[in-house]
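# Secondary and tertiary structure notes
This is what each chain is made of:
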Amino acid sequence: MPHSLIFWLRQSRCVDCIDLLREEASLSNYEEMWKKLGLDLTRHDELLESLEGTYESIIASQRNRPKTMAYFDESVSVAHCARVKELVDRKSKGEKVIGTFCIYVPEEVILAAGATPVALCGGTQFSIPYAEAMLPRDICPLIKSTLGLGLGRMCPYLPVVDMAVGETTCDGKKKTWEILATMVPMHVMEVPHKKEQIDRELWSKEVRLMKDKMEAVTHREITFDTLKQGVGTVNRKREALTQLHDLRKGPVLPISGKDALLVTQLALLDDSERFAGKVEKLNEELEERAKKKVEVFPPEAKRILVAGCPMVVSNWKIHHLVETSGAAVVCDETCTGFRYYANSVEENAADLDELLENVADRYLKVNCSCFTPNQERVDDVIDLAKKYSVDGVIQYVLQYCHGYNIEAVKMEHALKKAGIPILKLETDYSEEDIGPLRTRIEAFLERLD
Ligand code: BJ8
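Scoring rules and cut-offs
Residues numbered from 1 in each chain as written. Predicted model: local features only at pLDDT ≥ 70, side-chain atom pairs only at ≥ 80, totals over all residues. Heavy atoms only, no water. Pairing = 2+ DSSP bridges. Helix = DSSP H or I, 4+ residues; strand = E, 2+ residues; numbered from the N terminus. Axes fitted to C-alpha atoms, helices over the stretch in contact; angles between N-to-C directions. Contact = heavy atoms within 4.5 Å. Near = heavy atom within 4 Å. Nonpolar A, V, L, I, M, F, W, Y, C, P; charged D, E, K, R; others polar. Buried < 20%, exposed > 50% of the residue type's maximum accessible area, 1.4 Å probe, protein only. Right-handed = clockwise from strand over helix to strand, strands pointing away. Parallel < 35°, antiparallel > 145°, perpendicular 65-115°, else oblique. Left-handed = near helix turned anticlockwise from the far one by under 90°. Phe/Tyr/Trp six-rings, centres within 6.5 Å; stacked < 30°, edge-to-face > 60°. Lys NZ or Arg CZ within 6 Å of the ring centre and 35° of its normal.

### Concerning the sheet that holds strand E8 (residues 422–427)
Note: strands within a sheet are paired through backbone hydrogen bonds, in either parallel or antiparallel orientation. The sheet built from four strands is open, its strands ordered E6-E5-E7-E8 with parallel pairing. With partners counted over all chains shown, the strands left at the sheet margins are strand E6 (328–333) and E8, one partner each. Here the average twist between neighbouring strands, direction ignored, is 25 degrees. Sitting on the sheet, helix H20 (residues 434–447) is in contact with strand E5 (303–308), strand E7 (392–398) and E8, with an inclination near 175 degrees to E8.

### A closer look at the site of the ligand
Around the ligand there are 15 residues in total, and Cys 102, Cys 170, Cys 335, Cys 368 and Cys 401 lie nearest to it. The residue makeup of the shell around the ligand, split by class, is 13 nonpolar, one polar and one charged.

### A look at the pairing of strand E2 (residues 116–119)
The side chains of a regular strand alternate between both faces of the sheet. Side-chain alternation along E2 places Thr 116 and Val 118 on one buried face and Pro 117 and Ala 119 on a second face that is also buried. Across four bridges, strand E1 (residues 97–100) lies against E2 in parallel orientation. Each bridged residue has a counterpart across the sheet, and for Gly 99 the counterpart in E2 is Val 118.

### Points about the pairing of E5
Most of E5 sits out of view: six of its six residues are buried. Alternating positions in E5 separate into two faces, Arg 303, Leu 305 and Ala 307 on one and Ile 304, Val 306 and Gly 308 on the other, with burial throughout. Each parallel crossover has a hand, and for E5 linked through helix H15 (residues 317–323) to E6 it is right-handed. In this structure, E5 lies alongside E7, joined through five bridges in parallel fashion. When the sheet's bridge partners are listed, Ile 304 is paired in E7 with Gly 392.

### Topic: the packing of helix H18 (residues 375–387) against helix H19 (residues 402–417)
Packing of H18 against H19 brings their axes to within 10 Å, and their N-to-C directions diverge by 50 degrees. When the interaxial angle is binned, H18 and H19 end up oblique. Seen from above, H18 lies across H19 with right-handed handedness. Together, Gln 375, Arg 377, Val 378, Val 381 and Ile 382 of H18 and Tyr 404, Glu 407, Lys 410, Met 411, Ala 414 and Leu 415 of H19 make up the contact between the two elements. Among the residues forming the contact of H18 with H19, the class breakdown is seven nonpolar, one polar and three charged.

### Looking at the packing of helix H11 (residues 197–218) against helix H17 (residues 352–363)
Interaxial distance between H11 and H17 falls to 9 Å at its minimum, and their mutual angle equals 120 degrees. Here H17 runs oblique to H11, going by the angle between their axes. Note that H11 runs across H17; the crossing there is right-handed. Taking contact as the criterion, the partners of Trp 203, Ser 204, Val 207, Arg 208 and Lys 211 in H11 are, on H17, Leu 352, Asp 353, Leu 356, Glu 357, Val 359, Ala 360 and Tyr 363.

### Quick word on the packing of aromatic side chains
Following the criterion strictly, the structure yields six aromatic pairs and no others. A centroid spacing of 4.5 Å and a plane angle of 35 degrees characterise the contact between Phe 101 and Trp 177, whose relative ring orientation is tilted. With a gap of 76 residues between them, Phe 101 in the loop between E1 and helix H7 (107–112) and Trp 177 in helix H10 (residues 171–180) connect regions that are remote in the sequence. Neither Phe 101 nor Trp 177 differs from the other in exposure class; each is buried. Seen from their ring centres, Phe 338 and Tyr 341 are 6.0 Å apart, and the 85 degrees between their planes marks the pair as edge-to-face. Taken as a pair, Phe 338 and Tyr 341 lie in helix H16 (residues 338–341) at a separation of three residues, close to a single helical turn. We note that Phe 338, like Tyr 341, is buried. Here the aromatic cluster, defined as three or more aromatic residues joined through ring pairs, consists of Tyr 71, Phe 72 and Phe 275. The ring of Tyr 340 is capped by Arg 238, whose NZ or CZ atom sits 4.9 Å from the centre of that ring. Above the face of the Tyr 363 ring, Arg 362 is positioned so that its terminal group lies 4.7 Å from the ring centre.

Set out below in structure tokens:
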């Protein structure tokens, strides 16, 4: 039995889930499942061990966490076993699983075809050398980690998905799909890079093409009713997340930035309905904690907004540095934060065509740095900084992500003009720069006094 799996089970605080795990399959069955999925068991176990260390030192070590976080801890611990088995079981009943890499891919359309979306992005340094054997070093770590998980045969999801949906956002991603297409059937959505009428028309057609593709893969027709149901499910998930993040606006912080990030990261991995219900339960506890003034940071802690690149599960680096330097992350303007949960799809529609249009409209409100101009994103950050009463903004740029790196210039000018202190951090997934990063964060926090 792999050491790392024993660790995850011990970590688990969710009694129901442990029982479920024990009942559903023994650990040797998971090994059997991984073998059947073609994983390299030794490497996969090493990966789990590396995640174990990160999780233990960054997430589990926090004190005074909400009790209902147990479900989300459990979701991390079963991400490579029970959750994968759940998907394998769904497939054995004829259901399809669809991989995604970007929040521009409309989950509503996937659900409407009776399929399950699951994010395939990598957040770990461990898999990067497997991509660097093929790619140059100077490529974004998110891309290398994702590709490395596949090339190193460590991702249990890649062999499960029936199709993966990529997009034309940044150059690195769109060329990566050509390599991934040798491992999994790919469909690529063309995301426009402007938001003019001609771009809206293109995007609307792309959403319809995605619908056709989903129907072809699942052999199920997407109807007004099934799409409405898909929209309802994802809206419920986004609303629950909005409420969770709203609870960080007040002076009493009932949840840490790390835990809020963890929950939002899991929105892209977990079953949508189940996840929404669990976030609603978490929100009930957080409301109670806020009322009783149960806070995870002292009231004098500086309030930080993190803006920029997405942070995939196990990438908690910046939040950890900020929150172990005496400040609190109170808001994330990232695709694992605000950009994911903001804006619902308008459910009022006369027919399928109008509902598809509403889906397209909602997604074009995501202000990724791949758009030009992208003033809306700058406005969002200033607006969020005010609403969350932040003391300063940290721009988070993954190394070699040119979009967020260059957009940081405009962002810095605008925030300085608005009187909001700002710090740009460019980093990767490794721990090599932890020391200098901590020094810069501490110096920034001192400036906020
Ligand atoms: S909507 S942010 S999830 S593309 S992979 S752009 S970090 S160089 S992930 Fe993204 Fe969709 Fe936009 Fe959001 Fe930069 Fe790396 Fe590219 Fe990245």
